[in-house]
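Here's the letter readout for the chains.
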Amino acid sequence: MKGIVFTEFLELVEEKFGMEMVDSIIEASELESEGVYTAIGTYNFSEMLSLLTNLSERTNISIDDLLLVYGEHFFGVIERSYMGLVDTYKDPIEMLSSIENHIHVEVRKIYPEAELPTFVVEEKSEDLLIMVYKSSRAMYYFGLGLMNRTFKHFKTTAEITLEKLAEDGTEVRFIIRKN
């Protein structure tokens, strides 16, 4: 997992809960990296899972809810890191439906070894997008957070329904109805 995902996560934790919480979850997680991350480095997903688990235990906030907030936060990172990428789209459905064939292509130009989830578009119209998320990391709530912020960016709303296709969350269908 790319380091930017870790550095931004720890920045968000510091912003929301303070530096003491950052130190606490790093210490409790017994990380191979010792909690020292660079944006361009690559780290084991198990470290993110450990950080999330320890934060969840200390805050009584579910991992899914933490991932949702983090996904919403990370949208801002995408806007800053990929200047103009978001602006190439005029509609949230267009943007979300292009994750696999455009956005992930751009991410791989900067981070060639990034392990990204797969999004398969099953159905698309002006006000409806149905796509399947596939990832061994089961961070679909992070994806949901990104989707929520996408609609907010375009000053519109949507009803997003999740349908687990695999019980462990490694395959999830997103049914997105633009309001």
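For the structure itself, consult the block above.
What you see is a predicted model, and the numbers here were worked out from it, not measured in a lab. (Residues numbered from 1 in each chain as written. Predicted model: local features only at pLDDT ≥ 70, side-chain atom pairs only at ≥ 80, totals over all residues. Heavy atoms only, no water.)

### Brief notes about helix α6 (residues 99-110)
Next up, step 1: If you check α6, its first and last C-alpha atoms are 15 Å apart, about what twelve residues at 1.5 Å a residue would give, namely 16 Å.
Next up, step 2: Residues of α6 that are buried: Ile99, Ile103, His104 and Val107. For α6, the arc enclosing every buried residue in end-on projection is 90 degrees, short of the 170-degree limit, so these residues lie on one face. Turned more than 90 degrees from where α6 packs its buried face, Asn101 and Lys109 sit exposed.
Next up, step 3: Against the buried residues of α6 lie α5 (92-97), β1 (118-124) and β2 (128-134). (Helix = DSSP H or I, 4+ residues; strand = E, 2+ residues; numbered from the N terminus. Expected span 1.5 Å × (residues − 1). Buried < 20%, exposed > 50% of the residue type's maximum accessible area, 1.4 Å probe, protein only. Arc of directions from axis to C-beta. Contact = heavy atoms within 4.5 Å.)

### Here we look at the pattern of salt bridges
Two side chains bearing opposite charge may form a pair once their charged atoms approach each other closely.
Next up, step 1: Tallied over the entire structure, the rule returns nine salt bridges.
Next up, step 2: With a closest N to O distance of 2.4 Å, Glu113 and Lys2 form a salt bridge. Taken together, the residues span a long stretch of sequence, with Glu113 in the loop between α6 and β1 and Lys2 in the segment before α1 (3-17) at a distance of 111 residues.
Next up, step 3: When its relative accessible area of 44% is taken as the criterion, Glu113 is described as partly exposed.
Next up, step 4: Overall, the relative accessible area of 7% leaves Lys2 in the buried class.
Next up, step 5: For Glu106, the salt bridge is made with Lys109, and the minimal N-O distance between the two is 3.0 Å. (Salt bridge = Lys/Arg side-chain N within 4 Å of Asp/Glu carboxyl O.)

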